[in-house]
Each structure stands twice: as structure tokens, then as C-alpha cells.
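Commentary on secondary and tertiary structure
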Amino acid sequence: MMKPTDIKNPSYFHKVVDCQWACPAHTPVPEYIRLIAQRKYTEAYMVNWESNVFPGVLGRTCDRPCEPACRRVRVEETPVAICRLKRAAADNKSDITEHLPDIPKTKNGKKIALIGGGPASLTVARDLMPLGYDCTIYEKDPKAGGLMRTNIPSFRLPEAVIDEEVDTILDFGVIKKFNQEVTSLKDILDQKYDAIFVGTGAPKGKDLNIKNRYEAEAIENIHIGIDWLTSVAFKHVDKIGKKVVVIGGGNTAMDCCRSSLRLGGLDVKVTVRSPKSDMKASDWEIEEAELEGVPILDNHSPKEFVIENGKLKGVLFEKMIAEYDANGKRKLISSGEDPVLLECDDVILAIGQENAFPWVEKDIGIEFNEWGQPTVDKITFQSSLPNVFFGGDAAWGPENIIWAVAHGHQAAISINNFCENIDLNERPDPITNLLSQKMGIHEWSYPNDISNSNRFAVPHTDHSHALSSIEVEVELGYDEKLALEESKRCLNCDIQTVFTENLCIECDACVDICPVDCINFIENDTEESLRLKLKVPALNTDQDLYISDNLKTGRIMAKDEDMCLHCGLCAERCPTGAWDMQKFTYIEAHTEESKILNYVE
Amino acid sequence: MTFIKKPIFRHPSLPKNDLGLTYRDYEGLVSTLCAGCGHDSITASIVQSCYDLSLPAHKIAKLSGIGCSSKTTNYFLNQSHGFNTVHGRMPSVATGANLANRDLIYIGVSGDGDTASIGLGQYCHAIRRQLNVTYIVENNGTYGLTKGQFSATNDKKSKNKKGADNPFGAIDLALMAIELGAGFVARSFSGDKEQLVPLIKKAIAYNGFSLIDVISPCVTFNNHPHSTKSYDYIREHNTAMGELDFVPEKENIQAKYSEGESVDVTLHDGNSINLQKLDGNYDPRDQDKAVSILRKYRGEGKVVTGLLYINEDANEMHETLKTSTTPLNAIPMNDLCPGIDELDKLNKSYT
Ligand SMILES: Cc1ncc(C[n+]2csc(CCOP(=O)(O)OP(=O)(O)O)c2C)c(N)n1
Ligand code: SF4
Ligand SMILES: [Mg+2]
């Protein structure tokens, strides 16, 4: 027998808001989308800013784990363009100064060192500066931003956008020690900071140690992808040969090939060892590269760099085929075909990156595992040295910006607890709230008449203009009209169907109206058999069943949360108000009090 | 009333019938009735039945009179033929339509006011003629549309919403239908789709007049503690006469019931119904028994539901009238109306 659902458990409804649940920073997505629909761009931006700190950057570059989670893909093909709507908020916002936190003039006397000036460290600074901490950022490059600045080319992310969002935080009064590579953690420890945060990312690009890699004739023309992108970002490099081979199948490879096209490359190819379907790069990045005319040659495993007449001639590849064993585990084996020579002037290696800590002394109390990864607590981000915290790619290897931000928020909580002598496991609770949306008999204070349209494409710069310079941003972003149309596709998954059993007269009105057949009045049973007995069997076990207590007839109400469109028709057709549509607010706890509710009310 | 259109999105794993349609292809517009009205559940049951039977919508005509109940033909089978007639006059229009085109399936929807008051005479004659129609009365004991006056099916002891007594006795439309010779008489409850859907399927398959008197609570005017047609009252006083299973010709599920516990009734078209007997003595082919059971239970304040009476041998109107097997609308104009010369000849033959 299934027990009635405890909707007071904050995770229950949070899980129903699939996008917010999937977002590492738990950004209240439907909330900001509704603000965009009301043209409240600044408020929409601030809801984002509080959650993810870099809405303008993320609205262009986020890996968007929210989108595959979007409920819309269960009833049609494409998710809501959550990420690009975030950009629309950033593009159309007004001055945000008045909404920024006050930074106390009198400091609390605690000093924090942040090593590495990327999104993780900047987030820690964002969260600690308003509490009166003195934060110092050490950055090896001349400007802060980390991989946002060095690894994402400007045609995807203009420098001005990074500058604006990074400066917002630096302008809180962060002490900048830029152009200063930290070469010894001991040095920093000796400076008696109250806590140290390591956010140095995963700056070590993997090398490819095959024949002729280090021959003098070739070495100048073989580049490590992320280092090459950094040189491009800081304008140390502004051209490349006509023929370029990019080796690797991740987003860095896509950035490298597209950058090459803009720096003189005419014949640019990407090669991957595996079948194309196994590539790590996001689908949309692959698509953009192909649209720009870059062929992706899969099943190509590099064998040697070929040198002829005293210079690099090309790369020799062995053709592979993928074999899968009974468990679906992949093995790449040689196809036996003749090796293929791809001629080129330059090769860019984009085959992965790692974090690396040559600057952390082995004897100062920081434990590393056998793979050279620091031991870091998953919840507190504390290392084995109590005053040293890790976050972002430095903690567990390469992820993406939104994870770095999520880590930064949590690390800031820990650092604050640490400095205040509070147990690090005492994490502040999220803000949760349920609020009825009923306005009149059939009126709700949320837009339940959702759009049937397919996803709206983001307008692009004309192709030849786009390739003319690395500074030209390819995507133009939604204009206001498109943003409005796209926002209407959001299903408002945070507006929950809340059921009150003692009001129900079991008239079936909700069952009859529900467009996706989620509601059932049925004999109670075990979850397993109940799932099969519903009007349409609830086979997606990732999604919960909402179970009521016993009703008058002895049956229960069982609702499959999986397909619910949050259209509110059940509540509209309910004669007794047993169903109500209530907005579930979930605001992740940070070091300071949330202002999100000010923006949405 | 609901303001938004029902979203077009559907559950991706909805089952499909023989025509490749989901039940949602049998829907109509979103109901404008009061939320919780029993009539909406009957609408859903009609949708489900037509879907289950894989009926092509263009082969169905839905007709109704006036009332909340009669409005519901707009809420199902959007692609079918339809006629919202005048108050109480649905049987006449249905008779005309059926005479002109006997090939359509006729679903008549009416209310207790529409049928038992203003339309009582029409009702009687449609039954008397065995008009081939599935006649569904959405019976709430009140005139819903005109704000809750007692109807002629309202029980004597019950009160209205304000507490006034109903001074008159009720007309039992089912009892009357049996008496008038209806071949298929059933009673059900809007809140019991498990019983109602097989009954509707069965009634549609039945060749002749089939009545389903469906008790359908009016949440706004007749769902109070002194009502005998409220959700609670019906749930407490419902006595189901048998569990019904509609067995289309192609399937045979007799094995489900052990011998002696069930009655199989085979219809003209080869379909059959299987009635699982709860009351060991009940056989719906026995007219006298049906009448006495209805009387007995009414005396006890109970509502008997299920298939009450069925006559497998009754002739429908076209059979009695020996009309053309080709629907009139399919007969060429020259044959249908041979012209003035033929009329003259005919007239002369009487002189
Ligand atoms: C000729 C005529 N007389 C009276 C009316 C007013 N009238 C409209 S609906 C109705 C009663 C409907 O009752 P019922 O058939 O039980 O339908 P319900 O609304 O209860 O479903 C009446 C008397 C009318 N529309 N036309
Ligand atoms: S008045 Fe009564 S019969 Fe009419 S729609 Fe409302 S509940 Fe239904
Ligand atoms: Mg009525």
C-alpha cells in the first residue's frame, strides 16, 4: 500500500520543477521565464544573478542540463529554450546597481584568499563580500574570468559580457592580485588568511604522445587546444595555417575548429576516435561547427605526425570501428583499412583536460588520491586541511560553468561557517513556499494557456559576416518578440497541483478534463502494481506518484507527475476546490538573505 | 466555465483503437457546464465507448433537446453530425433523421426535464416505434439550466436546495420504457464509468430503442444532503443488478465467468453481452421480473442499476415499416421523387 505523499517535504515539489531540479544552482527557471513574458527583464536577470551569478555568460554558453530535463520534451520534440531566454533577460535588462547587495564599509576582520579568478572563486567572492569579508583573488592571467575568458571564443561570448559580469563582483572591492601565478600554497598559507579557496580549474590540456610529437620540425605547429584558445583570447595568436586538423570531440574541439576558420583556416577538419554519436560535445555546438562547414571525421584514431621536407605534412590516422559487448560497453578496434593521411599546416589537440596541482606542496596536509585529485568533501568542499576549500573544476575535474557556480555558493557557506565556528554540516535550509494562484473562479495568476508552437530558432549573424572576424558574435539572441513567444512555451512546472482529500466528492471532473490522463481514482496498492494499473501506466519511475489519503469510497487519488502540463484544468473543473494550483517556490540557501521574492511579487 | 482551450498535447503512450485513433480524437469542445456536473462524466463515457468500438465519427449523428444535458452533444465527437433541437423534440428530429438515413448511428442525449416533462409524449412514441437510437437521459432530478426547479423524475420525499418539499411523485423513465416496449433498458450512474461504458457500448450495438437512464448529480442545484440524486446518496443506495461486459463479435471472453453465474445475450449483429449475475435469480430477458424488481427496490429507496431489460427479438422501426434498405439519402433523386406524371398515374389509380 502506498502512503500518502508528504508534500511538506521540500524535495517533493522541487523534483516536479524538472528544470530547476536539474540546474546545479537550482535557478528558479519558470519564475524568470514568467518575468520575461511580463517584460520585467531586470527582475528576470536578478533572479538569475542571485542563483547563477553570470546570466549573460551562461545565457550564451551554459551546458544547460535544464533543457533535456524540460517537461516539454515529454509531450513534444523540443524543450523550452531556457538558456537563450536567460540571455534575453541579460540583453534587455536595465541598470542593476540598485539591486546589488550592500557591501559593508566596516569589514568583519576575516581575510579570504581565492586562488584562480574563474567562476568558482568569483562566486565565493560574490557571496562573502556582502558579509564583510576581505577577499583577495590571485589570478595568473591579466584579467579575471578563468575559462569563461580564456577558453570560450569571443564569437560565442563577447568580451564585454564577461567584463560586465566579472566587474560587478570585482567592484564589490575584491583585492585583485592578477598576473600572479601562485606557485606555492605554503606561501599563501603563511600569509595567515582565515580561509583559502582553490578555484584553479582544470588548466592542463592533455597531450598526445604519438610518433614525431616533439620533433623540432613539427612542434611549432602542434597546439594544445585550451592553451591555444587562451593565446587567441589574449591576442597573442591571431592566425593559423590554411589547413587545420583538430583532434578531439568535445566542446573545446568545436571552439578550436570554429576559431581556426576565423583566423585564416580554409580547410578545417575535426577528427574523433569514436563514432560521432559518442562525441562529448553538446549537440548544438556540433551543429554550429557543421553549419560553418567543418567536417567531422569519426572513427579516426591518430597514429603519427608525418614530417616531410623538414616540416609538418599532416597526421596519419587508423580507421576504427566500435564494438559493444553484452553490457553495452564500447571497445574501439582497428577496422583493418589502410591508414588515412590528413594533410595540414597545423594540428590542435583538444582531447581533454585535467586539474593539476604542481604548486601544492605534498607535506602541508592536503591529501591527494592515487589519481592526483585532492580529497574534498562533497557537501562542504573542505579539503583535509580544514582552512582550505576546493571548488569548480579544481575539485573533481572538468565540468562546466554552472557547476563551478554551484560549488562556489556552497563553499562560501562553508567558509562563513568555518570563520564563525559553526559546524560545516549545519547547512542553511532553502526557502520554500506554497501559494495559491487562484484569482477568480476560473482565473489564475499564472499564464496557463500555453503555446503549442515549436521552439523558436535564435537568429544568427549572416554567415560570411560571422566568419569575417573572431570578434563577431554569431548568435544575435532573441529579440523581445521572439523571447515573448518562446516564454509562452513554458509549462510553469512550479505551479503545483495540490490535492485536499476531505474536499473531494469523487465526481471525476478532473479525470475527464486532464489532457494527459495523469489523474486516477483507484484502489490503493503497492507502488509497483499501482503504476501499472493507472489509466496510462506510469512507467517513468524517475517521476513520483502523488498519492492521497483514503477517500470516501475507499479509493485513493493517484496522480502521475510525469506528464502533468500544469494547465490547471483539473482545478478549474473541480467543484469543491479539492484541487488547487499553488506556486511552489524553492530558493536555494546562500550566505545572505535571498531577494528573489522581491522581484517576483 | 473554463476559459482556456484544452491543450492539444496528449500522453505519448495513449493506446490507439482499430482506426489508429486515441480517445482524444473523439472529444468535443471543452465543457461549459458547472465544474463537477455529472453530465461531463457521461460525456467522457460516450467518448470512451465510441473510441472502444472504433466507430468512425462521420457515421454518428448526435441529437439533443434543451437543457444542460442537451448541451453536452457539443462536448463529444466533434467530427460527427449533430442537431440541437427544440425542448423535448429530440425524438421527432431523430425519427426523421433515422428515416432518411438508417445507416448512421444515432445517439440521443436528453435530460429528465427534456424527456419526462415537455418531451414525454415524444419519448413514448419513439419507444413505441422502436426507433433505432441510443437514448441517454442525463437524469439529475432538476431543471439545471433554468436554475433548479423540481423535475418530474425527482423523488417525492426529496427536497430542493432551499429545503422545500417535492409534493409530487416521480416518473420512472426506465419502468415506463419497459412498459412501452423498449428493447433495451438500463440505468446507471455518471460516477460509475466501469458500469456505464459497457452499457453505452451495448446500447449502441443494440438494434432498436435503447434507453440508458443515467443518474447524474447536478452539483449546483441537486447535490445537497436532502437530494436523492446526489453523489453521496447514489453511492449509498446503488444496487447493481449485474456486472456487464460487452463482447464484440471478434472476441470471446466467456472463459472469464464460470457456467451458471452468467447469462450470455447474443445480438442480431453477432455481438453479445455477458451479464454476470450478482442476484442469482435475475435474468434481464424477463420483462415481468424487471418491472417487479424496479418497483420493489423503489419502495425500499434503492436505485437499481445495470442492464434491467433486454429483448433480443424486438423489431426496430425500419423492420416494422419494411422501408428500403438503402438509406433515402442514397437513393437517386429520380427514384425517390419520380415526378408529376407518376403522381398523376397514382392518383388516377384510385378513381
Ligand atoms: C419550449 C421551452 N420551454 C421551456 C424552456 C426553458 N427550459 C430550458 S431548459 C429547461 C429544463 C431542462 O431540464 P433538463 O432537461 O432536466 O436538463 P438539465 O439542465 O437538468 O440537464 C427548461 C424548462 C425552453 N427552453 N423551451
Ligand atoms: S446547473 Fe446542474 S446540470 Fe447544469 S451544468 Fe450546473 S451542475 Fe450541471
Ligand atoms: Mg435535469
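Residues numbered from 1 in each chain as written. Chains lettered and ligands numbered in written order. Predicted model: local features only at pLDDT ≥ 70, side-chain atom pairs only at ≥ 80, totals over all residues. Heavy atoms only, no water.

**With respect to the coordination of the magnesium ion (ligand 3)**
Residues and elements named next belong to chain B. We count it as follows: In this analysis a donor is any N, O or S atom within 2.8 Å of a metal ion (3.2 Å for sodium, potassium and calcium), and since water is not included, sites may seem incomplete. Three exposure classes are used, based on accessible area relative to the maximum for each residue type with a 1.4 Å probe and protein chains only: buried under 20%, partly exposed in between, and exposed over 50%.
Here the magnesium ion (ligand 3) is held by Asp112 (OD), Asn140 (OD1) and Thr142 (O), and the distances to it run 2.1 to 2.2 Å. Each donor residue of the magnesium ion (ligand 3) belongs to the same chain, and together they define the spacing D-x27-N-x1-T. Across the pair, exposure class does not vary: Asn140 and Thr142 are buried alike.

**Thoughts on the domain arrangement of chain A**
Residues and elements named next belong to chain A. We apply this condition: Domain start and stop points were drawn from an automatic or database domain assignment. Only heavy atoms enter the contact rule, under which two residues are in contact if any of them lie within 4.5 Å. Accessible-area loss on putting two parts together, using a 1.4 Å probe and summing over both, is the definition of buried area adopted here. The term salt bridge refers to a pairing of a side-chain nitrogen on Lys or Arg with a carboxyl oxygen on Asp or Glu at a separation within 4 Å.
The domains assigned to chain A are domain 1 (1-19 + 431-601), domain 2 (102-203 + 355-419) and domain 3 (205-352). Computed from C-alpha coordinates alone, the two centres of domain 1 and domain 3 are separated by 44 Å. Contact with domain 1, which involves nine residues of that partner, is made by ten residues of domain 3. Here domain 1 meets domain 3 over a buried area of about 690 Å², counting both sides, of which 58% is carbon and sulfur. Looking at the side of domain 1 facing domain 3, the largest losses of area belong to Leu467, Ile470 and Val474, adding up to 64% of the total buried there. At the boundary of domain 1 with domain 3, the tally comes to one salt bridge. In this structure, the salt-bridge partner of Glu471 is Lys235, at a minimum N-O distance of 3.9 Å.

**What to know about the pairing of strand E7 (residues 243-247) of chain A**
Residue and element names in this part refer to chain A. Using the following cut-off: Only DSSP runs of H or I covering at least 4 residues are called helices, and only runs of E covering at least 2 are called strands; the numbering of each starts at the N terminus. Between any two strands, pairing holds if DSSP finds at least two bridges. Handedness of a crossover is defined as follows: with both strands directed away from the viewer, a clockwise route from the first strand across the helix to the second makes it right-handed.
Where burial is concerned, most of E7 is hidden: four out of the five residues are buried. Where E7 and strand E8 (residues 267-271) come together, five bridges link them in parallel fashion. Bridging across to E8, Val245 finds its partner in Lys269. With helix H15 (residues 251-262) bridging E7 and its parallel neighbour E8, the resulting β-α-β unit is right-handed. Across four bridges, E7 lies against strand E14 (residues 346-349) in parallel orientation. Following the sheet pairing, Val245 is matched in E14 by Val347.

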